[in-house]
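Each chain, written out:
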Amino acid sequence: SRYWRGLYPLGPSYWLVNVLVGLLLEDGLVGLLRIFDPDGTVDPLPGFFGIGAVGLFVVVAVSWLRVGAFRSAQRRARERHAAGRRAFWPRLAQVTLAPPLLLDAGMLYFVGMLLWTFFPMAFANDPALPNYTVRVLSGGTSIEVEGGIKYGLARALEAMLDSHPGVRTVVLESPGGRLGASEQVAELVSVRGLDTEVATHCESACTRIFVAGRNRVLRAGARLGFHSGRTDLSLPTAAVAAMNQTFAARYVAAGVAADFMARV
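Since the model is a prediction, treat every value here as computed from it, not as a measurement.

(A) Main features of a nonpolar patch on the surface. Together, Leu45, Phe49, Phe119 and Phe123 line one region of the surface with nonpolar side chains, adding up to about 410 Å² of accessible area. Of all the secondary structure elements, the ones that give two or more residues to the nonpolar patch are α2 (44-82) and α4 (98-123). As for its placement among the helices and strands, phenylalanine 119 is situated in helix α4.

(B) Seen up close, unusual backbone geometry. The phi torsion at asparagine 125 lies on the positive side, around 60°, for a residue other than glycine. Positionally, asparagine 125 belongs in the loop between α4 and β1 (133-136). Look at serine 204: it is not a glycine, yet its phi comes out positive at around 55°.

(C) Fine view of the environment of alanine 124. Within the secondary structure, alanine 124 sits in the loop between α4 and β1. The partly exposed category is assigned to alanine 124, whose relative accessible area is 39%. Separated by 83 residues in sequence, alanine 124 and threonine 41 place their C-alpha atoms 19 Å apart.

(D) Spotlight on the packing of aromatic side chains. Evaluation of the coordinates by the stated rule reveals ten aromatic pairs. Considering the side-chain rings of phenylalanine 88 and tryptophan 89, the 5.1 Å spacing of their centres and the 75° angle between planes classify their relative orientation as edge-to-face. Under the relative-accessibility criterion, phenylalanine 88 is labelled partly exposed at 45%. Ring geometry for phenylalanine 226 and tyrosine 251: centres 6.2 Å apart, planes at 65°, overall edge-to-face. Residue phenylalanine 226 is located in the loop between β6 (223-225) and α8 (237-253), and its partner tyrosine 251 is located in helix α8; the two are separated by 25 residues in the primary sequence. Owing to a relative accessible area of 8%, tyrosine 251 belongs among the buried residues under this scheme.

(E) Layout of the pattern of salt bridges. Evaluation of the coordinates by the stated rule reveals 13 salt bridges. Across the pair arginine 75 and glutamate 79 runs a salt bridge, and its minimum N-O distance is 2.8 Å. Taken as a pair, arginine 75 and glutamate 79 lie in helix α2 at a separation of four residues, close to a single helical turn. Residue classification places glutamate 79 among the partly exposed positions, given a relative accessible area of 36%. Taking the shortest distance from any N to any O, the salt bridge between arginine 219 and glutamate 197 comes out at 2.4 Å. One end of the pair, arginine 219, is in the loop between β5 (216-218) and β6; the other, glutamate 197, is in strand β4 (residues 195-203), and 22 residues separate them in sequence. A single network of salt bridges, built from pairs that share partners, joins Glu26, Arg66 and Asp104.

(F) Spotlight on the side chain of serine 174. Among the structural elements, serine 174 can be located in strand β3 (residues 169-174). Of the polar contacts made by the side chain of serine 174, one reaches the backbone oxygen of glycine 147; its length is 2.6 Å. Among the polar contacts made by the side chain of serine 174, one reaches the main-chain amide nitrogen of glycine 176 at a distance of 3.0 Å. If near-sequence neighbours (up to four positions away) are discounted, serine 174 is found in contact with Gly147, Gly148, Ile149, His201, Cys202, Glu203 and Cys206.

(G) Just the pairing of strand β2 (residues 142-146), in detail. The buried fraction of β2 is high, at four of five residues. Pairing of β1 with β2 involves four bridges; the strand directions are antiparallel. Bridge assignment links arginine 135 to a residue of β2, and that residue is glutamate 144. Here β1 folds back onto β2, and the loop between the two strands holds five residues, one of which, glycine 139, carries a positive phi near 100°. Of the strand pairs in this sheet, β2 and β3 are connected by five bridges, and their pairing is parallel. Counted as the bridge partner of isoleucine 143 is valine 170 from β3. Read as a crossover between parallel neighbours, the route from β2 over helix α5 (residues 153-163) to β3 is right-handed.

(H) Main features of the pairing of β4. In terms of strand pairing, β3 meets β4 through five bridges, oriented parallel. Looking across to β4, one finds that serine 174 is bridged to cysteine 202. The β-α-β motif built from β3, the intervening helix α6 (residues 179-192) and the parallel element β4 has right-handed crossover chirality. Handedness of the β-α-β unit built from β4, helix α7 (residues 206-211) and β5 comes out right-handed. Taken together, the three bridges between β4 and β6 define a ladder with parallel strand orientation. Along β6, the bridge assignment pairs histidine 201 with arginine 223.

What counts as what
- Residues numbered from 1 in each chain as written.
- Predicted model: local features only at pLDDT ≥ 70, side-chain atom pairs only at ≥ 80, totals over all residues.
- Heavy atoms only, no water.
- Patch = residues over 30% accessible without salt bridge, like charges linked within 9 Å, V, L, I, M, F, W, Y side chains within 5 Å.
- Areas by Shrake-Rupley, 256 points an atom, 1.4 Å probe, with all protein chains shown as cover.
- Salt bridge = Lys/Arg side-chain N within 4 Å of Asp/Glu carboxyl O.
- Helix = DSSP H or I, 4+ residues; strand = E, 2+ residues; numbered from the N terminus.
- Buried < 20%, exposed > 50% of the residue type's maximum accessible area, 1.4 Å probe, protein only.
- Phe/Tyr/Trp six-rings, centres within 6.5 Å; stacked < 30°, edge-to-face > 60°.
- Polar contact = N/O pair within 3.5 Å; in protein donor to acceptor, adjacent residues only side chain to side chain.
- Contact = heavy atoms within 4.5 Å.
- Pairing = 2+ DSSP bridges.
- Right-handed = clockwise from strand over helix to strand, strands pointing away.

Take a look at the structure:
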């Protein structure tokens, strides 16, 4: 409260709080927001509200940081004017608060882009991807997963497996989808010790589920489609490369040749 009202000296207010605390806070928040990559493993609904909470905190924290420093400079300027002295440095401090506001605006823009990306996944059934179906095949020993790999597929598959304990194989037919959603399904397949099979095609994120199978079967004429991952966000090239390396390592851990993953 005292900082917000500008009651602390200008030096500590500007350098220790506005600059040092501000940099540490923004660096931490950027790292936190990266957790909410839509191709990570965060479900869209809690992710949307989590991002919204971070955005609200950013607004409050940024307002506190900049307003407190501005008021401290304003108070110092009045003191110097009252003493008949120039207030060059306090006024300069106020002017130099403008550039950090651009960084603050950039962070809020990133929060807005995340919310824009998560909203259709959380509230509109991810319309960018085709719907999925999960059904038990004749005999009750196989389950077919067809369509887009969306968040919610892992829960649907788990419910079907619980109600059909005799299932041993997951048959995949999919053009792909969300990497995070595929990771959830792959984890379920691996933990349950299920086999995987492709009858027609399994592409993109679908291949992550395929390689999680205990035994993997590719029927004659069926195709697997591998490629590097991408994100809907404007992330730095290094961040996208790190994402690809992380997911490639999971393929390698499942038994896929490392040189093959490096090539695709």
